[in-house]
Amino acid sequence: MTSYFPLLPTISSNSLSKTIKSSTTLLNYSNNFKESNRSKNHHKSIYIGTYKIEGLIWKIISIKECKYGDFFDIKRNSIDANSDQMVVSLVRLQNTFPKSSRILPKPDSLRIDSSPVAERGSLNYHFEDTTTTYQGEYPYAMSNIDKGSFWSFDALKEDLSQEEKVQSFLILMNINRDAEKQSEVDLDIYNPHKKNKTLNWKARQNSFTIINLREIHKSLQSKNIHKTFFIQSKNCTFIPMILNIDVKNSQLSFEHTHPPSELLWGRDKLKVIKFIKEKWIAK
């Protein structure tokens, strides 16, 4: 399974004195390397091309050679791109990157076995002297989906009652290889106990949608700020990530959720998914 590696958006708000900066780190080394699989043929340089969406095309920002065993690191504040502009890096075994293209080039794989585990990079946020990361990627197969659906929740947020101390942001990421797919899509945000009362939000394809979770709770007039809300889209897929910022102590945490289907296994999996949709998902 080949992957793209996004560069996360810069995060800022009126209550933050400084912006939260982002970077992406890759390593020229196979994920599931075993001594028995060692071969000199694998000890080669790779090339990492970084693209941004500009208008209706993917435009190359840089091409870097990364020698075997070396790290590649790219920072958003060091490139010519807006704070929330979609920026994606991809790996190729040869230096064959078009300068611009409507369709984002397909990445190559560094895998040397048949493991289904995704190839991953480190997606990083930095605030003061603190860095938080998670090992992530955007699967190539997912980038070819023209229409899908999405469901998640905000249970990973921090205690929002500490208004002067804690900020929590939901970051929805969608990447499509076709740069022309930049449509606005609807999000439904709702209390699972009152599915008929939804808050309508907007997101966009090939973009990062950043939602301050405090605004959601205020918009839904939640009396219990600890309550978990559900978020769904009926016509677009996203990878949801939650960034928590402890402003007072300059600390960060960064997590992401999985769709319900990824939490289940076995032949009766679809029966459970059907039950979840009937009970939890707004019509």
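Residues numbered from 1 in each chain as written. Predicted model: local features only at pLDDT ≥ 70, side-chain atom pairs only at ≥ 80, totals over all residues. Heavy atoms only, no water.

**Describing unusual backbone geometry**
Within the chain, E128 stands out as a residue other than glycine whose phi angle is a positive 55°. Residue position: E128 is located in the loop between β8 (121-127) and β9 (130-136). Judged by its relative accessible area of 43%, E128 is partly exposed. (Helix = DSSP H or I, 4+ residues; strand = E, 2+ residues; numbered from the N terminus. Buried < 20%, exposed > 50% of the residue type's maximum accessible area, 1.4 Å probe, protein only.)

**Topic: the sheet that holds strand β1 (residues 3-6)**
Paired through backbone hydrogen bonds, the strands of a sheet run either parallel or antiparallel to each other. As summarised here, the arrangement of the 6 strands in space is β7-β4-β3-β6-β1-β10, forming an open sheet in which the pairing is antiparallel. Across the chains shown, the open sheet's two edge strands, defined by having one partner strand only, are β7 (100-101) and β10 (138-139). One ladder, built from 9 bridges, connects strand β3 (residues 46-54) with strand β4 (residues 57-66); its direction is antiparallel. Following the sheet pairing, Y47 is matched in β4 by E65. (Pairing = 2+ DSSP bridges.)

**What to know about the packing of aromatic side chains**
One pass over the structure, following the stated rule, counts 7 aromatic pairs. Measuring from centroid to centroid gives 5.8 Å for Y29 and Y68, while their planes differ by 40°, and the two rings are tilted. Taken together, the residues Y29 in the loop between β2 (21-27) and β3 and Y68 in the loop between β4 and β5 (71-75) connect sequence positions 39 residues apart. In this structure Y29 comes out as partly exposed when scored by relative accessible area, which is 34%. Taken together through their ring pairs, the aromatic side chains of Y125, Y134 and F254 make up a single cluster. Of note, R92 hangs over the ring of F97, and the distance from its end group to the ring centre comes to 6.0 Å. (Phe/Tyr/Trp six-rings, centres within 6.5 Å; stacked < 30°, edge-to-face > 60°. Lys NZ or Arg CZ within 6 Å of the ring centre and 35° of its normal.)

**Notes on the sheet that holds β2**
The strand order across the open sheet built from 4 strands is β5-β2-β8-β9, with neighbouring strands paired in antiparallel fashion. Two strands close off the open sheet at either side, each with one partner strand: β5 and β9. In this sheet, adjacent strand axes meet at a mean angle of 20° when their direction is disregarded. Inspection of the sheet shows β8 paired to β9 by 7 bridges, in the antiparallel sense. Bridge assignment links Y125 to a residue of β9, and that residue is T132. (Axes fitted to C-alpha atoms, helices over the stretch in contact; angles between N-to-C directions.)

**A few points about the side chain of E137**
Along the chain, E137 falls in the loop between β9 and β10. What makes E137 buried here is its relative accessible area of 12%. A distance of 3.1 Å separates the side chain of E137 from the side chain of R120, its partner in a polar contact. Look past the residues within four positions of E137 in its chain and what remains in contact with it is S3, Y4, F5, A118, E119, R120 and I239. (Polar contact = N/O pair within 3.5 Å; in protein donor to acceptor, adjacent residues only side chain to side chain. Contact = heavy atoms within 4.5 Å.)

**Section: the pairing of β8**
Buried residues dominate β8, accounting for 6 of its 7 residues. Taking the residues between adjacent antiparallel strands as the criterion, β8 and β9 are bridged by 2 residues, where E128 takes a positive phi near 55°.

**Details of the confidence of the model for the protein**
The predicted model of the protein averages 84 in pLDDT, with 82% of residues at 70 or higher. Mean pLDDT across the elements of the protein bottoms out in helix α2 (residues 269-280) (71) and peaks in β7 (98). (pLDDT = per-residue confidence, 0-100.)

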